[in-house]
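Breakdown of the fold
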Amino acid sequence: MIRERIEQDLDRLVAVLDSLDAGPGVLAGRSAYDWLTEVDADVSWVFDQAPVSVAPTRNVVGHVQVFVPPVGAPWVDAVASAAGVEADRLLVIGRFFVKDMRFDQGIGRYLLTECVKRIAARGSVAVLDPDGLALVPRVLWCRLGFSEDTAAPVLLP
């Protein structure tokens, strides 16, 4: 189930992130904890395999955030232009990863789809954080219709 991330989830998320091959490259010298908490996100979700509403559990296996593009990021204007919108209409899907395991792509697809729905409901355009793409299987975002022809994969309206 998807639920809001809470502070008690962070240790488990750090362990999951540390177990991923691409983690160190994506972190660029930052600690996993800092990377997970440095963005002022619109939403921070986890995928918790436990079918209960009591949190935290030791069954957190995925994470995603939706946030405003970083100020000064060189790719923002190019992506907004490709999508035919102003930069302030973009919302980034980032800090997105799922533990390597059976059904990880299904969990990732579910998290990504829910983010896209939330962003569309706000009248915004979804873009994947180019700095975290090494953690997201390419086949996953391509199947959902994100364009590969921009500086960051954007879901064209």
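This report concerns the structure included in the present document. Everything numeric here is computed off the predicted structure, so don't read it as measured data.

**Some thoughts on the overall build of the protein chain**
- Counting its secondary structure elements, the protein chain contains six helices and seven strands.
- Secondary structure elements of the protein chain occur, N-terminal to C-terminal, as β-α-α-α-β-β-α-β-α-β-α-β-β.
- The 157 residues of the protein chain split such that 48% are buried.
- A sequence separation of at least 24 residues applies to 68% of the contacts in the protein chain between residues at least 6 apart.
- Roughly 7,900 Å² of accessible area belongs to the protein chain as shown, and the carbon and sulfur atoms make up 50% of that amount.
- Side chains of the protein chain give 15 positive and 21 negative charges; the mean places of these two sets differ by 7 Å.

**Here's the deal with the packing of aromatic side chains**
- Taken as a whole and judged by the stated rule, the model has two aromatic pairs.
- Both rings, one in Trp35 and one in Phe97, keep their centres 6.2 Å apart while their planes meet at 40°; by these two values the pair is tilted. With a gap of 62 residues between them, Trp35 in helix α3 (residues 32-37) and Phe97 in strand β4 (residues 90-98) connect regions that are remote in the sequence.
- With a centroid separation of 6.1 Å and 85° between ring planes, the pair formed by Phe47 and Tyr110 is classed as edge-to-face.

**As for the pattern of salt bridges**
- Per the stated rule, a full pass over the model turns up nine salt bridges.
- Residues Glu38 and Arg95 are paired through a salt bridge, measuring 2.7 Å at the closest nitrogen-oxygen approach. Within this pair, whereas Glu38 is found in the loop between α3 and β2 (43-48), its partner Arg95 is found in strand β4, the two being separated by 57 residues in sequence.
- Classification of Glu38 as partly exposed rests on a relative accessible area of 40%.
- Taken together, the salt bridges that share partners define one network made up of Arg30, Glu38, Arg95 and Asp129.

**Overview of the environment of Gln105**
- Turning to its location among the elements, Gln105 is positioned in helix α5 (residues 104-121).
- Using a relative accessible area of 31% as the deciding quantity, one classes Gln105 as partly exposed.
- Once residues within four sequence positions are removed from consideration, Gln105 is found in contact with Pro137, Val139 and Leu140.

**Quick notes on α5**
- Taking 1.5 Å per residue as the helical rise, α5 with its 18 residues ought to reach 26 Å, and the 26 Å between its terminal C-alpha atoms agrees with that figure.
- One or two residues past the end of α5 sits Gly123, with phi positive at roughly 75°.

Rules of the game
Residues numbered from 1 in each chain as written. Predicted model: local features only at pLDDT ≥ 70, side-chain atom pairs only at ≥ 80, totals over all residues. Heavy atoms only, no water. Helix = DSSP H or I, 4+ residues; strand = E, 2+ residues; numbered from the N terminus. Buried < 20%, exposed > 50% of the residue type's maximum accessible area, 1.4 Å probe, protein only. Contact = heavy atoms within 4.5 Å. Areas by Shrake-Rupley, 256 points an atom, 1.4 Å probe, with all protein chains shown as cover. Lys, Arg positive; Asp, Glu negative; His and termini not counted. Charge placed at Lys NZ, Arg CZ, Asp CG, Glu CD. Phe/Tyr/Trp six-rings, centres within 6.5 Å; stacked < 30°, edge-to-face > 60°. Salt bridge = Lys/Arg side-chain N within 4 Å of Asp/Glu carboxyl O. Expected span 1.5 Å × (residues − 1).

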